[in-house]
Amino acid sequence: MNNTFTEMLLFQVKPEKTADFEALVETFKEEQARQEGCVGIRYFRRFYTFDGVDIDNGDPPRELTKIVKCVKYYAYWEFNTIENCGKANGWMFRNYYKDIVRLLIMPFDINSGYSL
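Quantities reported herein were computed from a predicted structural model and do not represent experimental measurements.

With that settled, consider the nonpolar core. Judged by nonpolar contacts, the single largest core of 25 residues is most densely connected at Phe11, Phe21, Phe28, Tyr43, Trp77, Met92 and Ile100. Going through the elements one at a time, strand S1 (5–13), helix H1 (18–33), strand S2 (38–45), strand S5 (71–79) and helix H3 (82–101) are the ones with two or more residues in this core. Counting residues per element, this core draws most heavily on H3, which supplies six residues. Dropping the residues within four chain positions of it, Phe21 is found in contact with Phe11, Val13, Tyr73, Ile100 and Leu103.

Structural data, given as structure tokens:
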């Protein structure tokens, strides 16, 4: 499917709340996937990072060894239309916003646009 409407969400989770966040995601991820026009939803936790020299050498990323301020999670949510994205976001905010933000160090960041 070309030119889908996509959102990338960044969640900066309090270190002591990661298990709670992951459990919450498991409760609503399947329901997210069933929203009208949803092409797909994926989550991942940032476990690795690239250092400049590693990239130059073609080495794999290195594992993060300590938590500084928060644990970063990302969601990639894709839709067939911008309208369906809006409807799904309304559903998400009505049903899960309060539960999500209490686990974060700051409100989550949403970036959206059409795929290339």
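Moving on from the coordinates now.
As a further point, take H1. In a regular helix each residue adds 1.5 Å, so 16 residues correspond to 22 Å; H1 covers 22 Å between its end C-alpha atoms and thus fits that length. At Thr27, H1 shows its largest kink, close to 35 degrees. Turning to H1, its buried residues are Thr18, Phe21, Leu24, Val25, Phe28 and Gln32. On the buried face of H1, the contacting elements are S1, S2, S5 and H3.

With antiparallel pairing, four strands are arranged side by side in an open sheet as S2-S5-S1-S6. Both outer strands of the open sheet, S2 and strand S6 (109–114), are each paired with one neighbouring strand and no more. The average angle at which neighbouring strand axes cross in this sheet is 15 degrees, direction not considered. H1 rests against S1, S2 and S5 of the sheet, and its axis sits at about 170 degrees to S2.

Put simply, H1 and H3 touch, their axes get as near as 11 Å, and they point 175 degrees apart. Regarding the angle of H1 to H3, the classification is roughly antiparallel. Across the interface between the two elements, Phe21, Leu24, Thr27, Phe28, Glu31 and Gln32 from H1 touch Trp91, Met92, Tyr96, Asp99 and Ile100 from H3. Tallied by class, residues from the contact of H1 with H3 come to seven nonpolar, two polar and two charged.

Conventions used here
- Residues numbered from 1 in each chain as written.
- Predicted model: local features only at pLDDT ≥ 70, side-chain atom pairs only at ≥ 80, totals over all residues.
- Heavy atoms only, no water.
- Core = buried A, V, L, I, M, F, W, Y, C linked by side-chain atoms within 4.5 Å.
- Buried < 20%, exposed > 50% of the residue type's maximum accessible area, 1.4 Å probe, protein only.
- Helix = DSSP H or I, 4+ residues; strand = E, 2+ residues; numbered from the N terminus.
- Contact = heavy atoms within 4.5 Å.
- Expected span 1.5 Å × (residues − 1).
- Bend = angle between axes of the 7 residues up to and from the residue.
- Pairing = 2+ DSSP bridges.
- Axes fitted to C-alpha atoms, helices over the stretch in contact; angles between N-to-C directions.
- Parallel < 35°, antiparallel > 145°, perpendicular 65-115°, else oblique.
- Nonpolar A, V, L, I, M, F, W, Y, C, P; charged D, E, K, R; others polar.

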